[in-house]
Amino acid sequence: MGSATDIQSRIATLAKDIDALYQDVAQDEGSRKELLGVVQGAMAKVESPTETIWRMIMSPHAPAALMVLIRSGVLKDLVSSGKPKTASAIASTTGVSETLIIRMMRPLTALGVFRETDVYTYSSTPISELLTAPPLYGGYQFMFDLATRSLANMPRFLERTNFKHVDGPPGPFQDCNSTEDLMFPYLMKHPDMMSNFNAFMAGSLETRPDWFQKFDAESLVLNGAKSSPEKVLLVDIAGGEGHDVQAFGRAFPSAPGRLVLQDLPPVIGNIKSLDERVERVPHDMFEEQPVRGARAYYMRNIFHDWPNDKCVEIMKRIAKAMERGYSKLLIFEWILAPKGVPLYPALLDVNMMALLNGRERTEEEWTGLLSAAGLRVVKFHIAGPEEEGLIEAEVA
Ligand SMILES: Nc1ncnc2c1ncn2[C@@H]1O[C@H](CSCC[C@H]([NH3+])C(=O)O)[C@@H](O)[C@H]1O
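Values in this document were obtained by computation on a predicted structure and should not be read as measured data.

Help me out: how do you make sense of the overall build of the protein in this one?
A tally of helices and strands in the protein yields 19 helices and 12 strands. Taken along its principal axes, the extent of the C-alpha atoms in the protein is 70 × 55 × 50 Å. Looking at the protein as a whole, 45% of its 396 residues are labelled buried. Carbon and sulfur atoms provide 57% of the accessible area of the protein, an area that totals close to 21000 Å².

Before we go on, may I ask you to explain the site of the ligand in this structure?
Residues in close proximity to the ligand total 19 residues, the closest being A238, D263, D284, M285 and R300. In the environment of the ligand, a nitrogen atom lies 2.9 Å from a nitrogen or oxygen atom belonging to the backbone of A238. Burial of the ligand by the protein amounts to 97% of the accessible area it has alone, namely 570 Å². Of the residues in the shell around the ligand, the class split is 10 nonpolar, five polar and four charged.

What should I look at first to understand helix 4 (residues 61–71) in this one?
Count 3.6 residues to each turn of an α-helix, and residues three or four apart come out pointing the same way. Every buried residue of helix 4 is accounted for by A62, A65, L66, M67, L69 and I70. Where helix 4 is buried, its residues touch helix 5 (74–81), helix 7 (98–110), strand 2 (114–118) and helix 9 (134–160). Where helix 4 terminates, the next one or two residues include G73, which has phi positive at roughly 90 degrees.

Before we go on, may I ask you to explain the environment of A383 in this structure?
When you line up the elements, A383 lands in the loop between strand 11 (375–381) and strand 12 (389–395). Relative accessible area serves as the criterion here: at 33%, A383 is assigned to the partly exposed category. For the pair formed by A383 and V281, sequence separation is 102 residues and the distance between their alpha carbons is 31 Å. With sequence-adjacent residues up to four places away left out, A383 is seen in contact with K214, F215 and E388.

I keep staring at the UniProt feature "domain: O-methyltransferase C-terminal" (unreviewed entry) in the protein and nothing clicks. Help me out?
In the numbering adopted here, UniProt assigns the feature "domain: O-methyltransferase C-terminal" (unreviewed entry) to residues 233–375. Strand forms 22% of residues 233–375 and helix 36%; the C-alpha atoms that close the span are 20 Å apart.

Please clarify how the pairing of strand 4 (residues 232–237) should be interpreted in this entry.
Along a regular strand, successive side chains alternate from one face of the sheet to the other. The element strand 4 is extensively covered by neighbouring structure, given that six of its six residues are classed as buried. As paired elements, strand 4 and strand 5 (residues 258–263) share five bridges and run parallel to each other. Residue pairing across strands places I237 opposite Q262, the latter belonging to strand 5. With respect to chirality, the unit in which strand 4 leads through helix 15 (residues 243–251) into the neighbouring parallel strand 5 is right-handed. As paired elements, strand 4 and strand 7 (residues 296–300) share three bridges and run parallel to each other. Residue D236 lies in a different strand from strand 7, and its bridge partner there is Y298.

Would you take a moment to explain the packing of helix 1 (residues 4–25) against helix 2 (residues 29–46) for this structure?
Axis angle and axis distance: for two packed helices, these are the angle between their axes and the distance between the axes, and together they describe the pair. One way to put it is that helix 1 packs onto helix 2 with a least axis distance of 8 Å and a crossing angle of 155 degrees. Of the possible angle classes, the one that applies to helix 1 and helix 2 is roughly antiparallel. In this structure, helix 1 uses L21, Y22 and V25 to contact helix 2, whose residues at the interface are S31, R32 and L35. Tallied by class, the residues present in the contact of helix 1 with helix 2 amount to four nonpolar, one polar and one charged.

Teacher, can you tell me more about the UniProt feature "active site" (unreviewed entry) in the protein here?
Look at the UniProt record and you will see "active site" (unreviewed entry) annotated at H304. In this fold, H304 is placed in the loop between strand 7 and helix 17 (308–321). Here H304 falls in the buried class, since its relative accessible area comes to 5%. Reaching out from H304, the side chain makes a polar contact with the backbone oxygen of N301 at a distance of 3.4 Å.

Any chance you could explain the packing of aromatic side chains here in plain terms?
By convention here, two paired aromatic rings are described through the distance between centres and the angle between planes. For the coordinates displayed, the defined rule picks out 16 aromatic pairs. Note on F184 and F197: the rings are 5.4 Å apart at their centroids and 75 degrees apart in plane angle, and the pair reads as edge-to-face. Taken as a pair, F184 in helix 11 (residues 183–188) and F197 in helix 12 (residues 191–206) lie far apart in primary sequence, 13 residues in all. Grouping residues by exposure puts F184 and F197 together as buried. Counting every residue linked through ring pairs, the aromatic cluster contains F142, F184, F197, F200, F286 and W306. For K226, the ring lying beneath its charged end belongs to Y326, and the centroid distance is 4.3 Å. The aromatic ring of W366 is capped on one face by R361, whose charged end is 5.8 Å from the ring centroid.

Explain unusual backbone geometry to me, please; I cannot follow it from the model alone.
Trans peptide bonds make up most of the peptide bonds, and negative phi angles are found at most residues other than glycine. With omega at 0 degrees, the peptide bond leading from P169 into P170 counts as cis. Looking at the secondary structure, you find P170 in the loop between helix 9 and helix 10 (172–177). For Y120, which is not a glycine, the phi torsion comes out positive at approximately 50 degrees. Looking at the element boundaries, Y120 is found in the loop between strand 2 and strand 3 (121–124).

Before we go on, may I ask you to explain the sheet that holds strand 1 (residues 85–86) in this structure?
Two orientations exist for strands paired in a sheet by backbone hydrogen bonds: parallel and antiparallel. Read from one edge to the other, the open sheet built from three strands follows the order 1-3-2, with strand pairing classed as antiparallel. Edge positions in the sheet fall to strand 1 and strand 2, since each of these pairs with one other strand and no more. In the sheet, strand 2 pairs with strand 3 via four bridges, with the strands oriented antiparallel. The partner of E116 across the bridge, within strand 3, is Y122. Lying on the sheet, helix 7 is in contact with strand 2 and strand 3; it crosses strand 2 at an angle near 115 degrees.

Reading the values: rules and limits
Residues numbered from 1 in each chain as written. Predicted model: local features only at pLDDT ≥ 70, side-chain atom pairs only at ≥ 80, totals over all residues. Heavy atoms only, no water. Helix = DSSP H or I, 4+ residues; strand = E, 2+ residues; numbered from the N terminus. Buried < 20%, exposed > 50% of the residue type's maximum accessible area, 1.4 Å probe, protein only. Areas by Shrake-Rupley, 256 points an atom, 1.4 Å probe, with all protein chains shown as cover. Near = heavy atom within 4 Å. Polar contact = N/O pair within 3.5 Å; in protein donor to acceptor, adjacent residues only side chain to side chain. Nonpolar A, V, L, I, M, F, W, Y, C, P; charged D, E, K, R; others polar. Contact = heavy atoms within 4.5 Å. UniProt positions renumbered as here; feature names shortened; annotations may be inferred. Pairing = 2+ DSSP bridges. Right-handed = clockwise from strand over helix to strand, strands pointing away. Axes fitted to C-alpha atoms, helices over the stretch in contact; angles between N-to-C directions. Parallel < 35°, antiparallel > 145°, perpendicular 65-115°, else oblique. Phe/Tyr/Trp six-rings, centres within 6.5 Å; stacked < 30°, edge-to-face > 60°. Lys NZ or Arg CZ within 6 Å of the ring centre and 35° of its normal.

This is the structure in structure tokens:
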């Protein structure tokens, strides 16, 4: 152990090194993420057990304050003004109580979501500005209204069921919202939440790589595909507003064959722009699959939304439409390792339980589901523990 002054100077040097390193990696996403991982890992070591517990205890508060500022119009008012604004000026344009604004702002300025430029005076930051753009403006409200409330309700709900595993409704979501509907049927009856959800999904794709950037689409789909223009090359089942299949079409413009997007009627009806090559087909995946003998039936982030029995139902519909020895089912999702699952997919699994009675799955669990639907895993394509993988399956 060094002397007190030695330690002070080592801490100061470390802080300077981190600053300098950050400047050097700011434009290089891979290195920036690596540095962030090291800093987060260091935080876990340096934080005391009491601090860790207190951080968890106090974690719902700032998100709740932010939700108040979003719903009351304060966020948009401040960001659109483009300059610092006093609580009293915000109160007079939004009609929100000045004292309420001041109190909700305190944790958020402490966290850097807004800046406190003077006494009771605030300006926006890149974080608050990002929060006004559609994907996160809708996404934040969707997650707070539905996921956060279900998560807060989950322990009580499980206690009442004697801690029975949630593998179908009713789960925390149904209990919390006094409904028998699973989340997607529920969203169909609540169009505002549905459009928040869709904006969230479309936006989140912008920050995630496409499947064909990580895995070899040539050998998975393109080589061996029938070259007739009448044949369907790829159908994206429950593909949202089509961002994924459109990106595939743009990446392989000369690949022969049709590209089809399927999703529920309100989602297809809500599409504002999509390349003409992509055919838009309203389709409920619990009904008979109308596209037969496609080269690839592609599904991203769908099965984790559903309990096992529903997944098998969906898979059976697809299996029936697949051509043995030619068609493939490609599932782009998390494939959990049996041990050492990183924090993000682990949290997502809990999220799926609370919100959808769904789950993230291990290789063993995927194999079980697919074989119950008459399918067989050809290969689990793994990109790394922090990334989603691709499950390649065919008719057994
Ligand atoms: N019964 C259903 N039939 C077809 N699509 C559905 C059904 N239920 C939910 N969905 C869609 O499932 C999608 C889940 S979100 C994932 C969307 C997209 N694959 C992506 O990765 O971005 C939403 O677009 C829902 O509208």
